[in-house]
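# Architecture at a glance
Listed below are the residues making up each chain.
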Amino acid sequence: ALKELRIAANQITTVPDKLFEPLKSLVSLDVKSNQIREVKGPIWMMAKLKLIEVEGNPIASPPMAFVRKGRAAVMGYFRSITNASRTRKLAFTDCELSSVPSEVLAINGLS
């Protein structure tokens, strides 16, 4: 099974979730220096994935403030977004955000 995937320094714009469904043994993902704007939650939650390198991409989601803090912070971010529709509470205090994350607008029952 594939353990390492390096697709850095290309012109990749998206990383589809379906790409990773058969890659359950992936330990390292390098997508540095592409044009990726979003790395979705399921990728960050892959059980065996230990290293995700995304530097040099114009990532908007998850916010780079969380990405810079590492995988655990990103996983916490996505958990908070997911739980917000149930708890009706969401707090991102001292997170160095420059704007409200787009996922906040997609929370079920927001209005």
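As shown above, the structure is provided for reference.
Please read these numbers as outputs of a predicted model, since none were measured by experiment. (Residues numbered from 1 in each chain as written. Predicted model: local features only at pLDDT ≥ 70, side-chain atom pairs only at ≥ 80, totals over all residues. Heavy atoms only, no water.)

## Comments concerning the pattern of salt bridges
The tally for this structure, following the rule as stated, stands at three salt bridges. Across the pair Glu4 and Arg6 runs a salt bridge whose closest N-O atoms are separated by 2.6 Å. In this structure Glu4 comes out as partly exposed when scored by relative accessible area, which is 40%. Its relative accessible area of 62% is what places Arg6 among the exposed residues. When salt bridges with common partners are traced through the structure, they connect Asp30, Lys32 and Glu53 into a single cluster. (Salt bridge = Lys/Arg side-chain N within 4 Å of Asp/Glu carboxyl O. Buried < 20%, exposed > 50% of the residue type's maximum accessible area, 1.4 Å probe, protein only.)

## Notes on the environment of Glu21
Tracing the chain through its elements places Glu21 in the loop between helix H1 (17–20) and strand E2 (28–30). We classify Glu21 as partly exposed; its relative accessible area is 49%. In the structure, Glu21 is positioned 25 residues away from Met46 in sequence and 9.4 Å away in space, judged by C-alpha atoms. (Helix = DSSP H or I, 4+ residues; strand = E, 2+ residues; numbered from the N terminus.)

## As for the nonpolar core
Of all hydrophobic cores here, the largest spans 27 residues; its most connected members are Phe20, Leu26 and Leu29. Put simply, the parts of the chain that give this core at least two residues each are helix H2 (41–44), helix H3 (64–67) and helix H4 (71–87). For this core, the element with the highest residue contribution is H4, accounting for six residues. If near-sequence neighbours (up to four positions away) are discounted, Leu26 is found in contact with Leu2, Lys3, Glu4, Leu5, Phe20, Met46, Lys48 and Leu49. (Core = buried A, V, L, I, M, F, W, Y, C linked by side-chain atoms within 4.5 Å. Contact = heavy atoms within 4.5 Å.)

## Let's talk about the layout of surface pockets
Roughly 170 Å³ of volume is contained in the largest pocket. Along the wall of the largest pocket there are 13 residues; nearest its centre are Ala60, Pro63, Met64, Ser98 and Ser99. Split into classes, the residues belonging to the lining of the largest pocket amount to eight nonpolar, three polar and two charged. (1 Å grid on protein atoms, 1.4 Å probe; cavity = no way out; pocket = protein on both sides within 12 Å on 5 of 7 lines; lining within 4 Å. Points joined across faces, edges and corners; volume = space filled by probe spheres on them. Nonpolar A, V, L, I, M, F, W, Y, C, P; charged D, E, K, R; others polar.)

## Focus: H4
Between its first and last C-alpha atoms H4 spans 23 Å; for 17 residues at 1.5 Å apiece the expected length is 24 Å, and the two agree. Taken as a whole, H4 has its buried residues at Ala73, Val74, Met75, Tyr77, Phe78, Ile81 and Ala84. Against the buried residues of H4 lie H2, H3 and helix H5 (102–105). A positive backbone phi angle near 65° is found at Arg88, which sits one or two residues after H4. (Expected span 1.5 Å × (residues − 1).)

## Looking at the side chain of Ser25
Along the chain, Ser25 turns up in the loop between H1 and E2. Classification of Ser25 as buried rests on a relative accessible area of 17%. Once residues lying within four places of it in the same chain are set aside, the contact partners of Ser25 are Ala1, Leu2, Lys3 and Lys48.

## A look at the sheet that holds strand E3 (residues 51–53)
Pairing in this open sheet of three strands is parallel, and the strands run E1-E2-E3 from one edge to the other. In the strand order of this sheet, the two ends are held by strand E1 (4–6) and E3, each with one partner. On average, each strand axis in the sheet is inclined to that of its neighbour by 0°, with strand direction left out of account. (Pairing = 2+ DSSP bridges. Axes fitted to C-alpha atoms, helices over the stretch in contact; angles between N-to-C directions.)

Any functional reading would require information that these geometric values do not contain.
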